[in-house]
Amino acid sequence: MDRHMSYVQKHPKVTKDRLAHFMSKNLLQDVNLYAALYDGRVSGAPHVKLEIWAANGLERPTFAVAVKQEYTPVDVGHSFGPSWASHWVRATLQIPEEFADKEVRLLFNPSCEAMVWSETGEPLQGITGGNGQDRHIDYVVTKRAPRLSELQHQPLCIVLYLEVASNGMFGNGDNLIGAPDPNRRFALETADLVVYNHDAWAMYYDLQILKDLADPLPDTPSVRAWQALATANAMINEFELGDPDTIAKARAIGAQFFAAKGGEANHQVYAIGNCHIDTAWLWPYDETKRKIARSWSTQMDYMDRYPEYKFAASQAQQFEWLRVLYPTLFERVKEKVKCGQFIPIGAAWCEFDANLPCGESLVRQFLLGQRYFEKHFGERSK
């Protein structure tokens, strides 16, 4: 029987390792797919000029306060901290002429969490630094960089503020629910302007899906998993760094795999975005308030970019914090609720414990929560 098996079937680990290396940013990154993800990259002055101001103690100052402070120059490698401290970074971005007509993004990795603010004080998007699966360090500076001739031959300069929070996604413990370390530090690893290659990133995500499908091999009898691994291998064979046509050909191979349909009795599955934010868990209440703004501003950006995208969030208390502390962002949420992209759910004031409280307590949760949703969004949660 073995003589009828393909090489992929005989040696699945070799092919799986090949796929992992092809997508790695730490191994062969100069010649694999990672090298094609960005068509240009610059860092340092004059293109990325960074200045910093550190808040006193564990204060979390507003944008209105932070923008009035004196900032001093800072470079990649700077250490943010200690735990729970706030630092504001002013980034003056000068887009180079060679980036004209292309989508330009800022890669900002503080190894912790941050919020991107406009120069006028609009909360734009959250940042999750580090190198974990929850990493999100890119911000779209412009979808199309103008040519110098459109700017009277003056380079495009954009100022952003980045509110850096000295904590990780799960607070400051050594592990998921460990006690917080009061002296954690976070290094500024990256601050680059890049040209985003949509086709290369699309191929990367295609391969990530195939990789996940093939991951259980050879322990699974799934024919589809074997097909996924063979498809990924064929896509790698097609790729040649520096030739964008090979990315299109590789994606066409993947498209054939993804186009396969099951029988008519198969389930139809819908995916709706959600970020579960504990009102009180591994961080102070004041950090919960900032996490809400970071998370939901990111969702606003996704909704603007992808009109079909829908997101659901619960807990009236969190909406109220947003309304009081980030009023312009709250108004954007209201607009997305009206058009059906942002869906308030849960009906309760906060996500409560349902074991210890009495019935009257639970009734009050829903009474106050539903009143809030009806008052601010025009309807009750269903």
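Relevant structure appears above.
Residues numbered from 1 in each chain as written. Predicted model: local features only at pLDDT ≥ 70, side-chain atom pairs only at ≥ 80, totals over all residues. Heavy atoms only, no water.

(A) Up close: the overall build of the chain. Counting its regular elements, the chain contains 10 helices and 14 strands. C-alpha extents for the chain along the principal axes are approximately 70 × 60 × 45 Å. Going through the 382 residues of the chain one by one, you find that 45% of them count as buried. Of the contacts formed within the chain by residues at least 6 apart in sequence, a portion of 72% connects residues at least 24 apart. Carbon and sulfur atoms provide 52% of the accessible area of the chain, an area that totals close to 20600 Å². Here the chain carries 40 positive and 47 negative side-chain charges, and the mean point of each set is 4 Å from the other. (Helix = DSSP H or I, 4+ residues; strand = E, 2+ residues; numbered from the N terminus. Buried < 20%, exposed > 50% of the residue type's maximum accessible area, 1.4 Å probe, protein only. Contact = heavy atoms within 4.5 Å. Areas by Shrake-Rupley, 256 points an atom, 1.4 Å probe, with all protein chains shown as cover. Lys, Arg positive; Asp, Glu negative; His and termini not counted. Charge placed at Lys NZ, Arg CZ, Asp CG, Glu CD.)

(B) Structural view of the sheet that holds strand β3 (residues 72–73). Taken together, six strands build an open sheet; the order of strands is β3-β2-β5-β10-β7-β8 and the sheet is antiparallel. The outermost strands of the open sheet, each flanked by one partner alone, are β3 and β8 (123–128). Bridge count for strand β7 (residues 113–118) against strand β10 (residues 157–165) is six bridges, and the pairing is antiparallel. Across the sheet, the residue bridging to Trp117 is Tyr161, located in β10. (Pairing = 2+ DSSP bridges.)

(C) Summary view of the environment of Pro216. On the secondary structure map, Pro216 appears in the loop between α4 (198–214) and α5 (223–238). Residue class for Pro216 comes out partly exposed when judged on its relative accessible area of 40%. For the pair Pro216 and Trp226, spaced 10 residues apart in the sequence, the C-alpha separation amounts to 9.8 Å.

(D) Examining the packing of α4 against helix α6 (residues 244–258) more closely. Between α4 and α6, whose axes approach to 10 Å, the crossing angle comes to 40°. Taken together, the axis directions place α4 and α6 in an arrangement best described as oblique. When the axes of α4 and α6 are compared, the crossing they make is left-handed. Seen from α4, the contacting residues are Asp199, Ala200, Ala202, Met203, Asp206, Ile209, Leu210 and Leu213; seen from α6, they are Ile247, Ala250, Arg251, Phe257 and Phe258. Tallied by class, residues from the contact of α4 with α6 come to 10 nonpolar, no polar and three charged. (Axes fitted to C-alpha atoms, helices over the stretch in contact; angles between N-to-C directions. Parallel < 35°, antiparallel > 145°, perpendicular 65-115°, else oblique. Left-handed = near helix turned anticlockwise from the far one by under 90°. Nonpolar A, V, L, I, M, F, W, Y, C, P; charged D, E, K, R; others polar.)

(E) Just the side chain of Lys336, in detail. Here Lys336 is to be found in helix α9 (residues 327–338). In contact with Lys336, other than residues within four places in its own chain, are Met300, Met303, Asp304, Gln341 and Phe342.

(F) Up close: the pattern of salt bridges. Taken as a whole and assessed by the stated rule, the structure comprises 22 salt bridges. The shortest N-O distance in the salt bridge between Lys13 and Asp17 comes to 2.7 Å. With Lys13 and Asp17 both in helix α2 (residues 12–23), this residue pair falls four residues apart, about one helical turn. Between Arg380 and Glu374 there is a salt bridge, and its shortest N-O distance comes to 3.3 Å. (Salt bridge = Lys/Arg side-chain N within 4 Å of Asp/Glu carboxyl O.)

Keep in mind these values describe shape, not function.
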